[in-house]
Each structure stands twice: as structure tokens, then as C-alpha cells.
2 protein chains.
Amino acid sequence: MEPGYAPHTTAASHTAGRATARPCSTPGGAARETQRTARAALTRILEPGDETAGRWVREMGPVALWRALSDEDATPPRGASPAKTEGLRLRAARARPAADLAAVTALGGRFICPGDDEWPGQLDDLGDARPLGLWVRGTANLRLWALRSVAVVGARACTDYGAHLATTLSAGLADRGWTVVSGAAYGVDGAAHRGALAADGATIAVMASGVDYAYPRGHTELLGRIAEQGLVVAELPPGDHPTRSRFIQRNRVIAALTRGTVVVEAELRSGSLVTARRARSLGRFTMGMPGPVTSSLSAGVHQLLRDEATVVTDADEVIELVGSIGDLAPGRRGPTLTRDLLDPVATRVLEALPAQGSTDVGRLAEEAGTPREVTQGKLFELLSLGFVQRCGGHWELARRAEAADGSRRGGA
Amino acid sequence: MEPGYAPHTTAASHTAGRATARPCSTPGGAARETQRTARAALTRILEPGDETAGRWVREMGPVALWRALSDEDATPPRGASPAKTEGLRLRAARARPAADLAAVTALGGRFICPGDDEWPGQLDDLGDARPLGLWVRGTANLRLWALRSVAVVGARACTDYGAHLATTLSAGLADRGWTVVSGAAYGVDGAAHRGALAADGATIAVMASGVDYAYPRGHTELLGRIAEQGLVVAELPPGDHPTRSRFIQRNRVIAALTRGTVVVEAELRSGSLVTARRARSLGRFTMGMPGPVTSSLSAGVHQLLRDEATVVTDADEVIELVGSIGDLAPGRRGPTLTRDLLDPVATRVLEALPAQGSTDVGRLAEEAGTPREVTQGKLFELLSLGFVQRCGGHWELARRAEAADGSRRGGA
């Protein structure tokens, strides 16, 4: 079983939900679970992207911070105003991390933390604004999927043109084995997820609410499909609702998680531009799909293109750009892992692939004896690891992967 | 009277049209006229953009080159193959420069040469591919108009969208006192000229044929209007026809003459992209107006934007870019010339402007007692020199110009 997939309700000492966390010095797995519980609690207490709080976490550790906020007699975190401390303590009193962890497990999900094998290390680029942890629904490995991912974002009230672009682009990215990340909003976001899903591709929805809080309501069914076939990810604990600032902070996660952000349609001063600029400031690629200069919904994209972004018109151009970072593209140079280190399900799926030619997910699922969604998820993980490649919706062994594997077997 | 406006039919020694040119050492105006006649003859003999021939001109001078090509017993130019020499001599035998000069004069035009006051010095950036001279129809001063000019080029078979963009952009450029340069072709070129004309603006058509050879035929009337209200310019002598290579070579003149080139609509591998890339290689700005990525007529523009060009969506953005070269923008820092050096007509027009507020061309023409087209042309020259500014189709004294002029008058 892969790390990060374990049910976390076994953190028994915290079932009451009140902070009685042991110090970080507790040895081994128990310390890890204590830390995880503290981080889960903190996602209920601290607002996403709060850099002051991020500094406290860095300086004190999550367990001590949670204790400082839970115990009225404890010393408040350094530099915290009385008002801020009071507000955070009111929230801390209501935090029930064990219940939240149980809730996400009930949804078939998990809570992943910095240091976990599934943690996407690129989020560390956010510094003290790094998420405390991520609540995740879906079976795929977030880290592996995010390795080869692109954000596709844009206007909620997009035109047919924008929806068409987002769908086509995302289908194209998915077809070429890239994960499409977006915010599950109406308009471009929804079209991006749908395009990837329709191409049997990998897609991640990053929410500004809890993973079980369908927002917008009209996307309840879509979010259900993403949770089944892809991943739904949130900084906020189950049940929590979105706010204006949470939407803005959510955008930084989209920007940091992906190798680049493509803005499809955006008005001037739109949130998508904020995501793109954040991506830029994080050293990610920013791209824009142009449109008629007569359309106000392309005005924001054109402004971005004038300032700092690259014109892209299809998936190939996006991949040409984001795929150019050699050290992040294991698929280009063969597997980065030996087969022995794969989890059993991934190994079964890999072994189900024919030595010659390609096959589809349905057959592979049958051959490997794994559910279709799980097979699909594992294939994208194997792709990120360089074992397989995707070709027009079909899957085959990566040619370089085979060579690398062969030489490993036959050689010294 | 301004230099370059003089009728050149007085170059009496060449009325026979056969080369009997005197050497360059002939002193004063006569030598100048001899050189002019030789250059006029060479425009009939050499193809535009022939760099080998350009080297001959540089090394031998136009008079000696014309002699070498006209006299069968003369030594051929250095490195010229017998076949090339023979071909050029066949053309030289038919050259009638005095007749050509008379023809352009009869059209109200002139032939301007490197070294003339009206010669646009930026064409020297073309090196040995610099035009031998330019045949010009229209009353305005080519050098002054080209100082503040932008090329607007694009597809012949443009869409309504492209035609709309070209018209609006050119009207906007003209409104802000910029000269619109294009190639008078169908589609974007025509729309660009029309937009400038409709805004009572300055526009220059650079032809791939003689200035009196209306190409395309359907633009005969448009070219007539440009010759009246703007300038029609050609490397080729009157009556000469366009060829495929002449279209391509014409593009280098458009690129070199202007501060930047805007491509409005262009398919992949279109001639407009050649113009833009030439502009780029000459250190000019290259710009593109994006369009729907679903349109093949925007595909070339998007390719250009990906490679090397800046996204622009309106005239302000174009001017923001091309107007940023301080030393080429006299309007930004007041007149570069004292009033005393202005020609009498320009002085009359300048003096007709009210001390306060703005006025239109019609009133100015009446006040100055100059024809409307002449008044218009002089106003754009005065604008290039920094004396006046244009504001929504009206004209007024440049504020900085006034200050500069006032300080000159009142100061030391």
C-alpha cells in the first residue's frame, strides 16, 4: 500500500477533537500521525495562504502551534495580535480534526501533508504560504499526476469560443498524457475538466471549499465525476465553504501545483490573470490563448500576452513549452524508478500492457483485474514515472522505458 | 522651395536616354543631376534589392555603373557574370531616364535619391539592398512623414474581422498623427490605407510596380486618392509592372521605412510575415493583432507572436511601443528645427494655427490660403518636426513646441 493512502482515523488520541497533541518528539509513526492531526486541525483554524501563520508553523511546528491556539493559557504565537489570537482560538475550539479525517476517509479520500510521499514538492515554492496539507478525493497519486500537469483557467462567463478552446486544449493535453488542473468553476474551468474527462484523461479540481462542498452547485455532478476519474483537492477541511479570499488563495495552489498556466478567456482584472501572474512569479510558464481583439473576454488574455505570457494555440504548443524542463520530464529519459519500487496495483497494470503495440483502458482493467478508474489513475502515474506512454487514447510501454528496463535486467 | 520637389527634366544632357553621363567629379548641382539621372536609369536596369548591384553602386558610384552597363566596350562591373552583364546591358539599352523623370513630373511627382533632403535615412539600414532611389507621387515630404510611421500589413483574402481591425487601427494611428504605410494590396493593405484616409490621416503606399501602374487594378481609385492625400512610392520607374520577386523586395522597403510593422491577419507562410521578420532583422518593432485560434488567417500572426512579435490590440498599444524611441520622436521634446528653417508653405500653415485651442484642416487651408491636401501634408510634416499635435482629427500647436519656441524667442 502506498504511503498517504492509509486511513487516518486511527489517530485515536484526538477523537475528542480538542487539542491534547503530544510534542513532536514522540517517536515514529505516532509522531507522524500527531503532526497530521495537528495540520488537519490547523486547516480548520487558519485561512489558506496566511503567511504569518505559515511562519508560525515553520518556527513552532504544527503540533505546538495547534496547542498554542487551543489552550487559552498557552503563550500566543510570536507577533500575534490579541484580536487575531482570539479569533483563531474561537476557531480552534470548534476544530474536530479526527472527525474531519474520518469524513474524508468516508469519501474515499485522505489528508496529505508535507513530507508524505504523495506530497507535491513543488508546493514548497510557496514558502510560508504553502498549504498546511491537502484534502484529497480520488484514487490517483497527487504527486505523480501533478508532475506532468498544466493549469487551464479562464472566465466563468466565457463565450462558446472560450469553451471550445478549453475543451479542445484539455482533451489534447490529456491525450498526450498531461494532467489538466483547474478550479471547477463555471465556464472555462468546467470545460477544461470536461475536455480531459471526455478524453479519458487525468484531471485535478482544486477547490476553494472542502472537497465535499460542491461549488458551484451546478457542478455537483461534474465534481463527482472528477472525484471518480480524477482528483478533487482542497486546502479547506470537509464541509468548509468558499469565500472571496479563498478563491484568490486557491489560485496560488493551482499556479504552484502545475508546470504552467494557460489562460483561455479572461476579462481585464480577472482572477485567472492573478493565477497566471502567480504562476509567473513562481517561475512557472504562463501562456494565453488569444482571441478576437474585439472581444472583452479576450482583453485580459491579450494584456497578459503583452506583459509576460506566451501565445499558445493548441496542446502541442503548450507541451512544447512546459515539456522542455528536462529534469521534470521523466517520460523523456525513461523510468526514474525501478519496477520493484512500484506498488502492487501499478505493477499489475504495467504487466498487463502488451510487449508490442498499444491497448485501451478497458482491456487493461480486465487483464490486470483492477477497476477501470483505478487502472486509469495508475496508467497516468506510470506515465509520470516514464514506464508507459499515451498515444491517441491508447496506452503502450514507453520505448525508452523498455530499453532502460531491459538494460537494467540484462546488464550489471 | 524644398529640396527634392524640383522638376528634374532639366537634366538636359540625358534627354536622349542613352548613357553619356559625366563622371562624379563634375561640380555642384550639375553633378547631382547627373547622379540622379544615373540612379533613375539604374532603377530601370537593376532589380530591386539586388545586393550585388548595390555593392557595384557603392564601389563605382551610380554614374560609372550606368556607363559600364550602357557601353558594350566598357569593363563590366567586378564579379558580374557574362550572362548577367548581357542581361543588364539589354535593359540599359532601353533605359530612358529623362523620359521617366519627365513622366513622374507630369504626374506631379519626383524621384528622390540618397543624399536628398527628402531621403528617408532609415532606408540606409538595408545596406547594399538600399533602394537606388524612390519614385514618389504626392505632395508631402517622404522623410518627415516616414519619421513617425507604422506599417500595417496582412492577408489579401482577409476576413471581415481583419478588414475591421486594419481600418480601425489605421484610423487610430492617423488620429494620433502617425503615418500608415502599406502595400496597397487587396484585403488588409487596402483597409489600412482607407482607414487612414477616412481619418484625414497620412498614408504611404509602397508599390511593387511603377507609381503610375495601378496594381491591383481594382485599387486604381484608391491609389489615386492616396496620391492626392498621401504618398505613392516605388523603387521601379513609371510604367514598370510588378513581379513575384518585386512584391517580396517591396516588403523590405515597407519594413525599413517604418518604425514597426503590425501584421493584422496572415496565414502561415504569408508575405506579411516576411515583412514582419524583415522589420525585426532591421531592429524595427514587430507586432501582431491576434485573432481566433480557430481561424487559419490568424495562424500566421500567432506563429509570429510566438516567435518574436508583440501582441497589440489597438493604436495606443502600437504607439506605446514604437513611440518609445526618444531620439526618433521629436514631437515628445519639441521642435527639432527653428521656424526660420521651415519652407514658406509650412510656415503659412503653422502661422494659421490659433494660439489657443484647435482647429480643422478646412479652416486652416482657408486661413493659410493653401489647398486642403497641401495643408494636410504640411500639418503631418509639422507634426513630425514637433511644432503641432493632432487631437481627435483636429490640429493645435504643440504645447512643448510653443514653450520651446517661446524660450528661444525670449531667452538668450
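Keep in mind it's a predicted model, so treat the numbers as computed, not measured.

Visitor: With reference to specific residues and values, describe helix 4 (residues 82–94) of chain A.
Guide: All names here are of chain A. For helix 4, which comprises 13 residues, the first-to-last C-alpha distance of 19 Å matches the rise-based estimate of 18 Å (1.5 Å per residue) to within 8%. Looking only at helix 4, the buried set comprises Thr-85, Leu-88, Arg-89 and Ala-92. Seen from one end, helix 4 has its buried residues packed into an arc of 105 degrees, which puts them on one side. For helix 4, the exposed residues set more than 90 degrees away from the buried face come down to Ala-83, Glu-86, Leu-90 and Arg-94. Buried-residue contacts for helix 4 involve helix 1 (28–45), helix 2 (51–60) and helix 3 (62–70).

Visitor: Which residues make up the relation of the copies chain A and chain B, and what values do they have?
Guide: One copy of the chain maps onto the other through a rotation about an axis followed by a shift along the same axis. Superposing chain A onto chain B takes a rotation of 179 degrees plus a shift of 0.0 Å along the axis, which leaves an RMSD of 0.0 Å. Considering both components of the superposition, the chain copies are consistent with a two-fold axis. Taking C-alpha positions as reference, the residue of chain A nearest the rotation axis is A:Gly291, located at 2.4 Å. Interface residue correspondence from chain A to chain B reaches 100%, placing this contact among same-surface, isologous pairings.

Visitor: Which residues make up the pairing of strand 11 (residues 394–397) of chain A, and what are the values?
Guide: Residues and elements named next belong to chain A. Here strand 10 (residues 388–391) pairs with strand 11 via four bridges, running antiparallel. Residue pairing in the sheet places Cys-391 in a bridge with His-394 of strand 11. Taking the residues between adjacent antiparallel strands as the criterion, strand 10 and strand 11 are bridged by two residues, where Gly-392 takes a positive phi near 55 degrees.

Visitor: How would you sum up the environment of B:Asp360? Please name residues and give values.
Guide: All names here are of chain B. When you line up the elements, Asp-360 lands in the loop between helix 14 (344–352) and helix 15 (361–368). We classify Asp-360 as partly exposed; its relative accessible area is 29%. A C-alpha to C-alpha distance of 7.2 Å links Asp-360 and Gly-393, two positions 33 residues apart in sequence.

Visitor: Lay out the pattern of salt bridges in plain terms, naming residues and giving numbers.
Guide: Taken as a whole and assessed by the stated rule, the structure comprises 48 salt bridges over all chains. Residue A:Glu235 pairs with A:Arg252 through a salt bridge whose shortest N-O separation is 2.8 Å. In this pair, A:Glu235 is assigned in the loop between strand 6 (231–234) and helix 10 (244–257) and A:Arg252 in helix 10, connecting sequence segments 17 residues apart. Assessed through its relative accessible area of 11%, A:Glu235 is described here as buried. B:Glu59 serves as the salt-bridge partner of B:Arg78, at 2.8 Å between the closest nitrogen and oxygen.

Visitor: Any details on the side chain of B:Ser170? Residues and values, ideally.
Guide: Secondary-structure assignment places B:Ser170 in helix 7 (residues 160–175). Setting aside anything within four residues of it in sequence, one finds B:Ser170 in contact with B:Val152, B:Val180, B:Ala192, B:Gly195 and B:Ala196.

Visitor: Which residues make up unusual backbone geometry, and what are the values?
Guide: Residues and elements named next belong to chain A. Following Tyr-215, the chain continues to Pro-216 via a peptide bond in cis, the omega torsion being -5 degrees. Position of Pro-216 among the secondary structure elements: in the loop between strand 5 (203–207) and helix 9 (220–229). Phi is positive for Asp-200, close to 55 degrees, though the residue is something other than glycine. Phi at Arg-269 is positive, roughly 60 degrees, even though this residue is not glycine. Note that Arg-269 resides in the loop between strand 7 (260–263) and helix 11 (271–281).

Visitor: Describe in detail the interface of chain A and chain B, supporting the description with residues and values.
Guide: Of the residues lining the interface, 18 residues belong to chain A; the matching set on chain B comes to 18 residues. Together, the buried faces of chain A and chain B total about 1400 Å²; carbon and sulfur atoms form 69% of this surface. Among the residues chain A hides against chain B, the three largest losses belong to A:Val293, A:Arg306 and A:Val311. Together they make up 45% of the total. Put simply, chain A and chain B have four salt bridges between them. As a salt-bridge pair, B:Arg306 and A:Glu320 come within 3.5 Å of each other at their nearest N and O atoms. Across the chain A-chain B interface, the total number found is six residue pairs in polar contact (both at pLDDT 80 or more). Elements with a contribution of two residues or more to the side of chain A that touches chain B: helix 7 (160–175), helix 12 (296–307), strand 9 (310–311) and helix 13 (315–322) of chain A.

Visitor: Which residues make up the sheet that holds strand 4 (residues 179–182) of chain B, and what values do they have?
Guide: The strands that make up a sheet are held in pairs by hydrogen bonds between backbone atoms, and each pair lies either parallel or antiparallel. All names here are of chain B. An order of 1-2-6-5-4-3-7-8-9 is seen for the nine strands of this open sheet, with the pairing classed as mixed. One side of each edge strand has no neighbouring strand; the edge strands of this open sheet are strand 1 (109–112) and strand 9 (310–311). Relative to strand 7 (residues 260–263), strand 3 (residues 149–153) runs parallel, the two being bridged by three bridges. Bridge assignment links Val-153 to a residue of strand 7, and that residue is Val-263. Against the sheet, helix 1 (residues 28–45) touches strand 1 and strand 2 (134–137), its axis set at about 100 degrees to strand 1. Its contacts with the sheet place helix 7 against strand 3, strand 4 and strand 7, and it is angled at close to 175 degrees to strand 3.

Visitor: Any chance you could break down helix 7 of chain A for me, citing the residues and the numbers?
Guide: All names here are of chain A. Between its first and last C-alpha atoms helix 7 spans 22 Å; for 16 residues at 1.5 Å apiece the expected length is 22 Å, and the two agree. Listed in full, the buried residues belonging to helix 7 are Tyr-161, Gly-162, Leu-165, Ala-166, Leu-169, Ser-170, Gly-172, Leu-173 and Ala-174. Two or three places before Tyr-161, at the start of helix 7, stands the capping residue Thr-159, its side-chain oxygen 3.2 Å from that residue's backbone nitrogen. A positive phi of about 85 degrees marks Gly-177, the residue just after helix 7.

Visitor: Tell me about the sheet that holds strand 9 of chain A, and please be specific about residues and values.
Guide: All names here are of chain A. In spatial order, the strands read 1-2-6-5-4-3-7-8-9; together these nine strands make up an open sheet with mixed pairing. The sheet is open, and its two borders are formed by strand 1 (109–112) and strand 9, each paired with just one other strand. Where strand 7 meets strand 8 (residues 285–288), four bridges bridge the pair, whose relative direction is parallel. Residue Thr-261 lies in a different strand from strand 8, and its bridge partner there is Thr-286.

Visitor: Explain the nonpolar core to me, using residue names and the numbers behind them.
Guide: In terms of nonpolar packing, the biggest core is built from 110 residues, with A:Leu142, A:Trp395, B:Leu142 and B:Trp395 touching the most fellow members. Apart from the residues lying within four places of it in its own chain, the contact partners of A:Trp395 are A:Leu353, A:Gly357, A:Ser358, A:Thr359, A:Val361, A:Leu364, A:Leu379, A:Phe380, A:Leu383, A:Val388, A:Gln389 and A:Arg390. Ranked by size, the runner-up nonpolar core spans 28 residues in total, among them A:Ala155, A:Ala196, A:Ala199 and A:Met289.

Visitor: Tell me about the confidence of the model for chain A, and please be specific about residues and values.
Guide: All names here are of chain A. On average, residues of chain A score 87 in pLDDT, and 87% of them are at 70 or above. Overall, residues 1–26 carries pLDDT values under 50, and its contacts beyond four positions in sequence, including any with other chains, amount to 61 contacts. Confidence drops under pLDDT 50 across residues 326–333; counting only partners more than four residues distant or on other chains, this segment forms 15 contacts.

Visitor: Requested: an account of a negative patch on the surface, with residues and values cited.
Guide: Negative charge collects at one region of the surface, where A:Asp71, A:Glu72, A:Asp73 and A:Glu86 lie side by side. Summarising the element assignment, A:Glu86 is placed in helix 4.

Visitor: Can you break down the packing of aromatic side chains residue by residue, with the values?
Guide: Enumeration according to the criterion identifies eight aromatic pairs over all chains in this entry. Judged by centre distance (4.3 Å) and plane angle (35 degrees), the rings of B:Phe111 and B:Trp135 are tilted. Of this pair, B:Phe111 sits in strand 1 while B:Trp135 sits in strand 2, and the two are 24 residues apart along the sequence. B:Phe111 sits in the buried class, given a relative accessible area of 0%. Ring geometry for B:Trp145 versus B:Phe380: centroids 5.7 Å apart, planes at 70 degrees, classification edge-to-face. Here B:Trp145, found in helix 6 (residues 142–147), pairs with B:Phe380, found in helix 16 (residues 372–384); they are 235 residues apart in sequence, far enough to count as distant. Site record: aromatic cluster; members linked through ring pairs are A:Trp145, A:Phe380 and A:Trp395. Between the NZ or CZ atom of A:Arg156 and the centre of the ring of A:Phe247, over which it lies, the distance is 5.5 Å. Of note, B:Arg217 hangs over the ring of B:Tyr213, and the distance from its end group to the ring centre comes to 5.0 Å.

Rules of the game
- In this convention, every chain numbers its residues from 1, walking through the sequence in written order.
- Labels are handed out in written order, letters beginning with A for the chains and numbers beginning with 1 for the ligands.
- Predicted model: local features are reported for residues with pLDDT of at least 70 only, side-chain atom pairs are reported and counted for 80 or more only, and whole-chain, interface and lining totals are derived from all residues.
- To get the side-chain values, take all heavy atoms of the structure and skip hydrogens and water.
- Strands here mean DSSP runs of E at least two residues long; helices mean DSSP runs of H or I at least four residues long; both are numbered from the N terminus.
- How far a helix is expected to stretch is found by multiplying one less than its residue total by 1.5 Å.
- We call a residue buried when its accessible area falls under 20% of the maximum for its residue type, exposed when it is over 50%, and partly exposed in between, using a 1.4 Å probe and counting protein chains only.
- In this description, one arc is meant: the one made by directions from the helix axis to the C-beta atoms.
- Here a residue-residue contact requires only that any non-hydrogen atoms of the pair lie within 4.5 Å.
- For the least-squares superposition of copies, only C-alpha atoms count, and only for residues with pLDDT at least 70 in both.
- When DSSP finds at least two bridges between two strands, those strands are taken to pair.
- Note on definitions: salt bridges are taken to be side-chain nitrogens of Lys or Arg within 4 Å of carboxyl oxygens of Asp or Glu.
- By buried area we mean the combined loss of accessible area, with a 1.4 Å probe, across both parts when two parts are placed together.
- Here a polar contact means two N or O atoms within 3.5 Å. Within protein one must be a hydrogen donor candidate and the other an acceptor candidate, and residues neighboring in sequence count only if both atoms are side-chain atoms.
- The convention used is that axes are lines fitted to C-alpha atoms, helices contributing only their stretch in contact, and that angles between N-to-C directions extend from 0 to 180 degrees.
- Among buried residues, those of type Ala, Val, Leu, Ile, Met, Phe, Trp, Tyr and Cys that are joined through side-chain atoms within 4.5 Å constitute a nonpolar core.
- Values of pLDDT, which run from 0 to 100, indicate the predictor's confidence residue by residue.
- Like charges within 9 Å and nonpolar side chains (Val, Leu, Ile, Met, Phe, Trp, Tyr) within 5 Å are joined into patches, using only residues over 30% in relative accessible area that form no salt bridge.
- All accessible-area figures derive from a Shrake-Rupley calculation using a 1.4 Å probe, and residue coverage is judged against the displayed protein chains alone.
- Positive residues here are Lys and Arg, negative ones are Asp and Glu, while His and the chain termini are left out of the count.
- The location of each charge is read from NZ of Lys, CZ of Arg, CG of Asp or CD of Glu.
- Note on aromatic pairs: the rings of Phe, Tyr and Trp (six-membered ring only in Trp) are paired at centre separations within 6.5 Å, and the planes decide the class, stacked below 30 degrees, edge-to-face beyond 60, tilted for the rest.
- To sit over a ring, a charge needs its Lys NZ or Arg CZ within 6 Å of the ring centre and within 35 degrees of the ring normal.

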